Amino acid sequence: MTLAERLRAALMADDHAPVLLPGDNAETFSHGAAPAAVLVAITDRPEPGVILTQRTDTMRRHAGQVAFPGGRIDPEDADATAAALREAEEEIALPRDAVEVVGAADLYLTVTGYAVTPVIGVIAPDLDYHPNEAEVADVFEVPLSFVLDPANQVQASAEWQGRTRTYYEINWRDRRIWGATAAMMVNLSRRLRWVA
């Protein structure tokens, strides 16, 4: 069975519960949420990895944070998949035809007002990325088994807009993966249990 077939089978399973952190209210966040999509690009190698970006420190929102390539779904995008592929091409020069789209994972509602569809795709290993200097400071690959391992998914909390917010954090080498990106990883770990 190919990596894409294994991923597709895992996405079709419905015996999991998407993560909703303590104190979060999906109804509150979903009202008026802006549709967005990210590409979860998984490298097709014996030990698969996932491609992440480090946002530039000059970004207006989420400066310096680790994120999947992605962004808002524009009116000209046919759907979330088209948006995720477009954003990955714009941000890291990943050609759309280099991605074997597997499918969409669980919608994630952010506290900042986005309804994010993670689109899973398989790519060849060791592609040549060219970060958009205005948005992306770095592109790197993290072992998929590491980010999906519950032992590496730590819950933390902080005050934000007058409320205590709980979030996930995954630390890999000198990279801090947290917030929505980490929460989407946690959701994926519940779907992709075959990695463990």
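The rules behind each value
- Residues numbered from 1 in each chain as written.
- Predicted model: local features only at pLDDT ≥ 70, side-chain atom pairs only at ≥ 80, totals over all residues.
- Heavy atoms only, no water.
- Helix = DSSP H or I, 4+ residues; strand = E, 2+ residues; numbered from the N terminus.
- Buried < 20%, exposed > 50% of the residue type's maximum accessible area, 1.4 Å probe, protein only.
- Contact = heavy atoms within 4.5 Å.
- pLDDT = per-residue confidence, 0-100.
- Core = buried A, V, L, I, M, F, W, Y, C linked by side-chain atoms within 4.5 Å.
- Polar contact = N/O pair within 3.5 Å; in protein donor to acceptor, adjacent residues only side chain to side chain.

Per an unreviewed UniProt entry, the protein chain is named CoA pyrophosphatase, and its organism is Sphingomonas panacisoli.

## As for the environment of L85
Relative to the helices and strands, L85 resides in helix 3 (residues 80–92). Accessibility expressed as a relative area gives 13% for L85, which makes it buried. When the C-alpha atoms of L85 and V99 are compared, they prove to be 8.1 Å apart, with 14 residues separating the residues in sequence. Excluding its chain neighbours within four sequence positions, the residues that come into contact with L85 are L39, R96, V99 and V101.

## Examining the confidence of the model for the protein chain
A residue-level look at the protein chain finds 84% of positions with pLDDT of 70 or above and a mean pLDDT of 86. Per-element averaging of pLDDT across the protein chain places helix 2 (residues 26–30) at the bottom with 50 and helix 3 at the top with 97.

## A word on the nonpolar core
One finds I120 and V147 to be the most contacted residues of the largest nonpolar core, which totals 37 residues. Mapped onto this core, the elements with two or more residues apiece are helix 1 (3–12), strand 1 (34–43), strand 2 (49–55), strand 7 (114–123), strand 8 (136–143), helix 4 (144–147), strand 10 (163–172) and helix 5 (179–191). Per-element accounting of this core gives the leading share, six residues, to helix 5. Beyond its immediate chain neighbours, meaning those up to four positions away, I120 contacts L7, L11, V40, I42, E100, V101, V102, G103, A105 and L188.

## Notes on the side chain of R86
Tracing the chain through its elements places R86 in helix 3. Take R86: its relative accessible area is 8%, and that puts it in the buried class. A polar contact of 3.1 Å, which involves the side chain of R86, links it to the backbone oxygen of R72. Those residues in contact with R86 that lie beyond four places of it in its chain are R72, D74, D77 and R96.

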